[in-house]
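Examining the three-dimensional arrangement
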Amino acid sequence: MENMLHCQDNKPNTSVEFFDTSSDIYNEIRPAYNEEVYTAISEFLKPGKTYKILEIGAGNGIATERIYDLWKPELTLLEPGKNLSRLLIEKFGSEPNIEIINDCFESAELKEEYFHAVVSATSFHWLNNETKYTKSHKLLKENGLLIVFWNNYGIDNPDLSAEIQQIYTANTGKKLAKSIGEIQSEKIDNRKNEIINSGLFELLTHRIFTTEIRFAGAEYIKLLKTFPDHAAFPDAFFTEMATVFEKSNNTVTVKITLNLNVARRKSIWR
């Protein structure tokens, strides 16, 4: 794509392109984060204090709105997608304490030892594994916080989930050796352990919150289309999904498991 930023090792980042070209549907259908996550973060970032916060991969500002409402920080939003950056400007461009930077985390020039917190909502896994912890560490003040959280989606109906999994298997040729729940649990544990194993941060809390959202079948298909790993799926895949939802009154209850990790920057003697 013309003018598309290259985020990892100067190679084209297909996730950036995907999210940017899907910005309208992303803005329409992606749900907000469980309010409990902000209550948990408030145990470490006290409302009423003055903070400098960097949000990585701000997207269309789903988390940004609550971060700004709760803490009124000096907020730097980093977003590599041009279309998503425009959405951020539309939402927050008039706020004097919000700076919007259209750049990748890996290449953005940011002040070191400047931020009280680096926050990333469902985006930290897209960053370069070799630099995301070292750069976050450099950007944070002493005792600064790395705050990362993700929404993980699943179908809270075993029979419906099994039917849907058959469609995935038919379209990918791969049969999962584990359940979606088991895969999610491993992924959540791996994210926590990755922080610990970096050696640069002390894990302060690892929390999991669950909620349920009922989607119409067509809405859930739109949600699926906001996931990069579904970009290559043929139209037949989504047609088959719609057929399954027709048998369940065109509704689907989605279980959202939100995992939060808050870690404190360690002092590293050089």
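Since we're looking at a predicted model, the values are computed, not measured.

A closer look at the packing of helix 7 (residues 158-172) against helix 10 (residues 235-246)
Two elements in contact, helix 7 and helix 10, have axes separated by 10 Å at closest approach and are oriented at 165 degrees. When the axis of helix 7 is compared with that of helix 10, the two are roughly antiparallel. When you trace helix 7 past helix 10, the crossing you get is right-handed. Contact residues: L160, E163, I164, I167, Y168 and N171 in helix 7; F237, E240, M241, V244 and F245 in helix 10. For the contact of helix 7 with helix 10, a count of residues per class yields eight nonpolar, one polar and two charged.

Notes on the nonpolar core
By size, the foremost hydrophobic cluster in this structure holds 30 residues, and its most contacted members are Y33, V37, L45, I147, F149 and L260. Only helix 3 (35-41), helix 4 (62-71), strand 4 (74-78), helix 5 (82-92), strand 6 (115-121), strand 7 (140-155) and strand 9 (251-265) provide two or more residues apiece to this core. The biggest single contributor to this core is helix 4, with five residues. For I147, the residues in contact, after removing those within four places along its chain, are I41, L45, A117, V118, V119, S120, L260, N261 and V262.

Some words on empty space enclosed by the protein
For the coordinates displayed, the defined rule picks out two cavities of 30 Å³ or more. Put simply, the second largest cavity is a space of about 40 Å³. Residue lining of the second largest cavity: I41, L45, I67, W71, V119, I147 and F149, and that is the complete set. Elements supplying a minimum of two residues to the lining of the second largest cavity: helix 4 and strand 7.

Details of the pattern of salt bridges
Under the criterion given, the structure shown has seven salt bridges. Across the pair E163 and K247 runs a salt bridge, and its minimum N-O distance is 2.8 Å. In this pair, E163 is assigned in helix 7 and K247 in the loop between helix 10 and strand 9, connecting sequence segments 84 residues apart. Take E163: its relative accessible area is 30%, and that puts it in the partly exposed class. Within the structure, one salt-bridge network assembled from shared partners comprises E35, R66 and D69.

Let's talk about the side chain of T257
With respect to the helices and strands, T257 occurs in strand 9. Of the residues examined, T257 reaches a relative accessible area of 11% and is grouped as buried. If sequence neighbours within four positions are ignored, T257 has contacts with W150, N151, N152, Q184, I188, I208, F209 and T210.

Remarks on the pairing of strand 7
With respect to burial, strand 7 is a largely interior element, 13 of its 16 residues being buried. Inspection of the sheet shows strand 6 paired to strand 7 by six bridges, in the parallel sense. Paired with V118 across the bridge in strand 7 is L146. With helix 6 (residues 132-139) bridging strand 6 and its parallel neighbour strand 7, the resulting β-α-β unit is right-handed. In this structure, strand 7 lies alongside strand 9, joined through eleven bridges in antiparallel fashion. Note on strand 9: the bridge partner recorded for V148 is N261.

Some points on a nonpolar patch on the surface
A grouping of L176, I180 and I183 is seen on the molecular surface, where their side chains present a nonpolar patch of about 200 Å² in accessible area. Tracing the backbone shows I180 in helix 8 (residues 180-197).

Digging into the pairing of strand 3 (residues 52-56)
Counted residue by residue, strand 3 has four buried out of five residues, so it is predominantly covered. Pairing analysis gives five bridges linking strand 3 to strand 4, with the strands arranged parallel. By the bridge assignment, I56 is partnered in strand 4 with L78.

Digging into the packing of aromatic side chains
Scanning the model with the defined rule gives twelve aromatic pairs in all. Considering the side-chain rings of Y114 and F115, the 5.0 Å spacing of their centres and the 90 degrees angle between planes classify their relative orientation as edge-to-face. Each member of the pair, Y114 together with F115, is buried. Between Y153 and F227, the aromatic rings sit 5.4 Å apart at their centres with planes inclined by 45 degrees, giving tilted as the arrangement. In this pair, Y153 is assigned in strand 7 and F227 in the loop between helix 9 (217-224) and helix 10, connecting sequence segments 74 residues apart. Taken together, the aromatic side chains of Y168, F233, F237 and F238 make up a single cluster linked through ring pairs. Taking the ring centre of F238 as reference, the NZ or CZ of K225 above it sits at 4.9 Å.

Conventions we followed
- Residues numbered from 1 in each chain as written.
- Predicted model: local features only at pLDDT ≥ 70, side-chain atom pairs only at ≥ 80, totals over all residues.
- Heavy atoms only, no water.
- Axes fitted to C-alpha atoms, helices over the stretch in contact; angles between N-to-C directions.
- Helix = DSSP H or I, 4+ residues; strand = E, 2+ residues; numbered from the N terminus.
- Parallel < 35°, antiparallel > 145°, perpendicular 65-115°, else oblique.
- Left-handed = near helix turned anticlockwise from the far one by under 90°.
- Contact = heavy atoms within 4.5 Å.
- Nonpolar A, V, L, I, M, F, W, Y, C, P; charged D, E, K, R; others polar.
- Core = buried A, V, L, I, M, F, W, Y, C linked by side-chain atoms within 4.5 Å.
- Buried < 20%, exposed > 50% of the residue type's maximum accessible area, 1.4 Å probe, protein only.
- 1 Å grid on protein atoms, 1.4 Å probe; cavity = no way out; pocket = protein on both sides within 12 Å on 5 of 7 lines; lining within 4 Å.
- Points joined across faces, edges and corners; volume = space filled by probe spheres on them.
- Salt bridge = Lys/Arg side-chain N within 4 Å of Asp/Glu carboxyl O.
- Pairing = 2+ DSSP bridges.
- Right-handed = clockwise from strand over helix to strand, strands pointing away.
- Patch = residues over 30% accessible without salt bridge, like charges linked within 9 Å, V, L, I, M, F, W, Y side chains within 5 Å.
- Areas by Shrake-Rupley, 256 points an atom, 1.4 Å probe, with all protein chains shown as cover.
- Phe/Tyr/Trp six-rings, centres within 6.5 Å; stacked < 30°, edge-to-face > 60°.
- Lys NZ or Arg CZ within 6 Å of the ring centre and 35° of its normal.

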